[in-house]
Amino acid sequence: MTELCREQQKCVERKCDSVEVARKREKLGALLIERGFINQVQLERALAKHKETGRKLGESLVDEGVLTEENVAEVLSKQLNMSMVDLQNIAVEDNVLSLIPADLMKKKTMMPYAFKEGSKGVLMVAMANPLDFYAIEDIQIITNLQVEPVVATTRSIMLAIDKYYSQEEVKTALSAYAKEKKLEKTEEEADQEDVSNSPIVTLVKEMIDAAVRQRASDIHIEPLENRIRVRYRIDGVLHNRAYYNINVLSAIIARIKIIGGMDISEKRKPQDGRITQIVDRVEYDIRVSILPTVHGEKAVMRLTAKMALTREKSQLGLKPYELKQFDDILRNPHGIMLVTGPTGSGKSTTLYTALSELNKEDVNIITVEDPVEADLEGVNQVQVNVKAELTFASSLRSILRQDPDIIMIGEIRDQETAQIAVQASITGHLVVSTLHTNSAASTITRLEDMGIESYLIADSVIGVIAQRLVRKLCPACKQAKLATPEELALMGLDTTKTMTIYEPCGCSRCGNTGYKGRIGVYEIMKMSPSLRRIISARQGAEALREQALKEGMRTLRMSASEYVQEGTTSVAEMLKISFES
């Protein structure tokens, strides 16, 4: 009878908890409006989505890009009168880490991080949803401790779990694989058997998940003589992340080939593939390249969030005067807009942003790309296929018969493509494309070198945007210092003046690199009658640059210098992207 009473009491408590959760959700919406994070229309849309999908209100708003996880956590913290914690700034002790299994923490998106000060019987637990009473109850049963929940973002919790537990999970996966295979079979036998076995599946999935959470743009899996090296490219710089036994290389590569739609039996030729994976509710498009090397096949995976390429203009990092120039260029009904810079400088993001801006119901937009990097609603996208003789040039000829208003060319690689693009722009189409050049002015000479007549270039080009990405200094640990006369000279400033600038230091929040995130640096050359005359007269890049500077163009060095003066980046980063200036 007593047991029955207990069960009834638990049911009553759970019903009360459910009512409390619903009440808190309503209050959360009101608080978000009060703090100015959302408006009533956005709240009603998110509540409708919540009823339809069962997703939490905060998750729905984050998924739609209305809020960040930090916004939700901040308001949740205030609403529930709980502390908010960033686990990246906390060192968790081993006796806390051993209390709860990692798989349960991932499932419930929570992590214990300390015992309450002055009380060994109370465990502090960071939770993305501190109203998950069942999760709290589970922890109390497992640990036999009282739980005090604290608010944290999902990303902060998952990063901490990766940091403290990922190597253990990888070791478990690898030892399970070794046990299954006994590492005695040949590579061929390993491939012929079940290459989709769970330990390797776990290893590859964890590798991608960890890379996404650490903001990596690329994963490099490299066979060395006796081991495998895994590196992540974070903010444009490669960092070592793990080393594995060389014996698991064939299984890892086979797994990547399977999910990337490649031929697992072909090991002598380079291969390309594509993977889609959801990490923390965000869908990522992963381009895979496999290359045979002397020690085995190397894999590089480029990670792109499907939503990352289609962003607002204001999110590109353009300064107000640059935003005005960008808008002025896009207002042209026809002509060529070129975006230039090396690989990984954000050219595709700028192009997709331009297309999103131009994508209206009354225009026909067609793109030709290699590869198509993101799906754009309402845009006709063509994938280059050399085997089917569908090149940039042949695609463009067909596109011109499709009654386009706007054409996007992934890259102008040869004379034929350049000539068709110029002709298309002169005959009333707006063309946007990319080129690999160092500066805005040198883009014009590159087109001349491709064999395009200077008068045609002068007539067709409406603007050139040269761009780079610089790493932003970590706001938590950047150190102030006085600029030396040499540094002032590099920024084009008076060497006798006193100025405070910042340099990187390194902390747990930025992974001890001193930098966190990147921002765009732009050199925008908008065409004018005087610039067109210089191009027609073939006076060269230097004359073009000098005239553009007189008309208000800011070079990459000048733009980067502004960021140094603001304390956004360092002199070293400025020199990296504007060495030629």
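Refer to the structure printed above.
## With respect to the overall build of the protein
Looking only at helices and strands, one finds 22 helices and 18 strands in the protein. For the protein, the proportion of its 581 residues judged to be buried stands at 49%. Here the contacts in the protein between residues at least 6 apart in sequence split such that 61% fall between residues at least 24 apart. Of the roughly 28400 Å² of accessible surface on the protein, a fraction of 49% belongs to carbon and sulfur atoms.

## As for the packing of helix 10 (residues 198-213) against helix 11 (residues 249-259)
Contact pair helix 10 / helix 11: the axes reach a minimum separation of 10 Å and the direction vectors enclose 75°. When the interaxial angle is binned, helix 10 and helix 11 end up roughly perpendicular. When helix 10 is examined against helix 11, the residues Ile 200, Val 201, Leu 203 and Val 204 are found in contact with a partner set consisting of Ala 251, Ile 252, Arg 255, Ile 256 and Ile 259. In the contact of helix 10 with helix 11, the residues fall into eight nonpolar, no polar and one charged.

## Notes on the pattern of salt bridges
Under the criterion given, the structure shown has 26 salt bridges. Note that Glu 148 is salt-bridged to Lys 116, the shortest N-O span being 2.8 Å. Of this pair, Glu 148 sits in strand 3 (residues 146-151) while Lys 116 sits in the loop between strand 1 (110-115) and strand 2 (122-127), and the two are 32 residues apart along the sequence. With relative accessibility at 28%, the residue Glu 148 sits in the partly exposed group. What makes Lys 116 partly exposed here is its relative accessible area of 35%. Of the charged contacts in the structure, one is a salt bridge between Asp 328 and Lys 324, with a shortest N-O distance of 3.2 Å.

## Remarks on the sheet that holds strand 3
One open sheet accounts for three strands, arranged 1-2-3; its pairing is mixed. Looking at the sheet topology across the chains shown, the edges are occupied by strand 1 and strand 3. Ignoring strand direction, the axes of neighbouring strands in this sheet form an average angle of 35°. In this structure, strand 1 lies alongside strand 2, joined through five bridges in antiparallel fashion.

## Considering the packing of aromatic side chains
The way to describe two aromatic rings as a pair is by their centre distance and the angle between their planes. Within the structure shown, the criterion is met by zero aromatic pairs. Sitting over the ring of Tyr 515, Arg 471 keeps its end group 4.0 Å from the ring centre.

## So, the nonpolar core
Judged by nonpolar contacts, the single largest core of 39 residues is most densely connected at Ile 409, Ile 444, Met 525 and Leu 544. Ranked by the residues each element gives to this core, the list is headed by helix 15 (residues 415-426), at five residues. When residues no more than four places from it in sequence are discounted, the contact partners of Ile 409 are Leu 351, Val 368, Phe 392, Leu 396, Thr 417, Ala 421, Val 431, Val 432, Ser 433 and Thr 434. Counting 35 residues, the second largest nonpolar core, distinct from the first, contains Val 204, Ile 208, Ile 253 and Ile 286.

## A look at helix 19 (residues 529-536)
The complete set of buried residues in helix 19 reads Ser 530, Leu 531, Ile 534 and Ile 535. Across the axial projection of helix 19, the buried residues extend over an arc of 140°, all falling on one side. Opposite its buried face, helix 19 presents the exposed residues Pro 529 and Arg 533, each directed more than 90 degrees away. Those residues of helix 19 that are buried are in contact with helix 16 (440-449), helix 17 (454-460), strand 18 (515-526) and helix 20 (541-550). Trailing helix 19 by a residue or two, Arg 538 shows a phi angle of about 50°, which is positive.

## Overview of the sheet that holds strand 12 (residues 380-383)
Read across the open sheet, the seven strands follow the order 12-11-13-14-10-15-18; overall the sheet is mixed. The open sheet has two free edges, formed respectively by strand 12 and strand 18, since each of these has just one partner strand. Direction aside, the axes of adjacent strands within the sheet are offset by 20° on average. As paired elements, strand 10 (residues 335-340) and strand 15 (residues 461-473) share five bridges and run parallel to each other.

## Digging into helix 15
Given 3.6 residues per turn, any residue in an α-helix points the same way as the ones three and four places further on. Taking 1.5 Å per residue as the helical rise, helix 15 with its 12 residues ought to reach 16 Å, and the 17 Å between its terminal C-alpha atoms agrees with that figure. Three or more residues of helix 15 are buried, namely Thr 417, Ala 418, Ile 420, Ala 421, Val 422, Ala 424 and Ser 425. Of the surrounding secondary structure, the elements contacted by the buried residues of helix 15 are strand 10, helix 14 (392-399), strand 13 (406-409), strand 14 (430-435) and helix 17. Two to three positions downstream of the cap, the backbone nitrogen of Glu 416 sits 3.3 Å from a side-chain oxygen, assigning the N-cap of helix 15 to Asp 414. Directly beyond the C-terminal end of helix 15, a positive phi value near 100° is found at Gly 428.

## Some words on the environment of Arg 331
On the secondary structure map, Arg 331 appears in the loop between helix 12 (320-330) and strand 10. Sequence separation between Arg 331 and Leu 358 is 27 residues; the distance between their C-alpha atoms is 9.2 Å.

## A closer look at the pairing of strand 2
Here strand 2 lies mainly inside the structure; six of its six residues are buried. Of the two faces of strand 2, the one lined by Val 122, Met 124 and Ala 126 and the one lined by Leu 123, Val 125 and Met 127 are each fully buried. Two successive antiparallel strands, strand 1 and strand 2, enclose a turn made up of six residues, where Gly 118 displays a positive phi of approximately 85°. Bridging between strand 2 and strand 3 involves six bridges; their strand directions are parallel. What sits directly across from Met 124, in strand 3, is Glu 148. For the crossover that starts at strand 2, traverses helix 7 (residues 133-143) and ends in the parallel strand 3, the hand is right-handed.

## Observations concerning a negative patch on the surface
A surface patch of like charges, here negative, comprises Glu 361, Asp 362, Asp 403 and Asp 405. For Asp 362, the location among the structural elements is in the loop between helix 13 (347-358) and strand 11 (365-369).

About the thresholds
- Here the residue index of a chain counts from 1 through its sequence in written order.
- Only residues with pLDDT of at least 70 get local features here, since the model is predicted, and only at 80 or more are side-chain atom pairs given and counted; chain-wide, interface and lining totals rely on the full set of residues.
- Where side-chain values are given, they derive from all heavy atoms of the structure, hydrogens and water being excluded.
- Numbering goes from the N terminus for both helices and strands, where a helix is a DSSP run of H or I of at least four residues and a strand is a run of E of at least two.
- Burial here depends on accessible area, computed with a 1.4 Å probe over protein chains only, as a share of the maximum for the residue type. Under 20% is buried, over 50% is exposed, and the range in between is partly exposed.
- Contact criterion: two residues are considered in contact whenever any of their non-hydrogen atoms come within 4.5 Å of each other.
- All accessibility values rest on the Shrake-Rupley procedure with a 1.4 Å probe; residue burial counts only the protein chains present in the view.
- Interaxial angles span 0 to 180 degrees and are taken between N-to-C directions of axes, which are lines fitted to C-alpha atoms, for helices over the stretch in contact.
- Angles below 35 degrees are treated as roughly parallel, those above 145 as roughly antiparallel, those between 65 and 115 as roughly perpendicular, and all remaining angles as oblique.
- Classification convention: Asp, Glu, Lys, Arg as charged; Ala, Val, Leu, Ile, Met, Phe, Trp, Tyr, Cys, Pro as nonpolar; all other residues, Gly among them, as polar.
- Salt bridges are defined as contacts in which a side-chain nitrogen from Lys or Arg sits within 4 Å of a carboxyl oxygen from Asp or Glu.
- If DSSP finds at least two bridges between two strands, the strands pair.
- Any two of the Phe, Tyr and Trp rings considered here, Trp counted by its six-membered ring, make a pair once their centres fall within 6.5 Å; the pair's planes then place it as stacked at under 30 degrees, edge-to-face at over 60, or tilted in between.
- A ring is scored as having a charge over it whenever the NZ atom of a lysine or the CZ atom of an arginine sits within 6 Å of its centre and within 35 degrees of its normal.
- We call a set of buried Ala, Val, Leu, Ile, Met, Phe, Trp, Tyr and Cys residues a nonpolar core when their side-chain atoms join them within 4.5 Å.
- Along the arc lie the directions from the helix axis toward the C-beta atoms.
- Multiplying one less than the number of residues by 1.5 Å gives the expected span of a helix.
- Within 3.5 Å is the distance limit for a polar contact, defined as a pair of N or O atoms, with the added protein rule that one can donate a hydrogen and the other accept it, and that residues adjacent in sequence qualify only through two side-chain atoms.
- Note on handedness: a clockwise path from strand one over the helix to strand two, with the strands aimed away from the viewer, defines a right-handed crossover.
- Patch membership is restricted to residues that have no salt bridge and whose relative accessible area is over 30%. Joining uses 9 Å for like charges and 5 Å for the nonpolar side chains Val, Leu, Ile, Met, Phe, Trp and Tyr.
- Under the counting rule used here, the positive set is Lys and Arg, the negative set is Asp and Glu, and His together with the chain ends is not counted.
- For this purpose, a charge sits on NZ of Lys, CZ of Arg, CG of Asp or CD of Glu.

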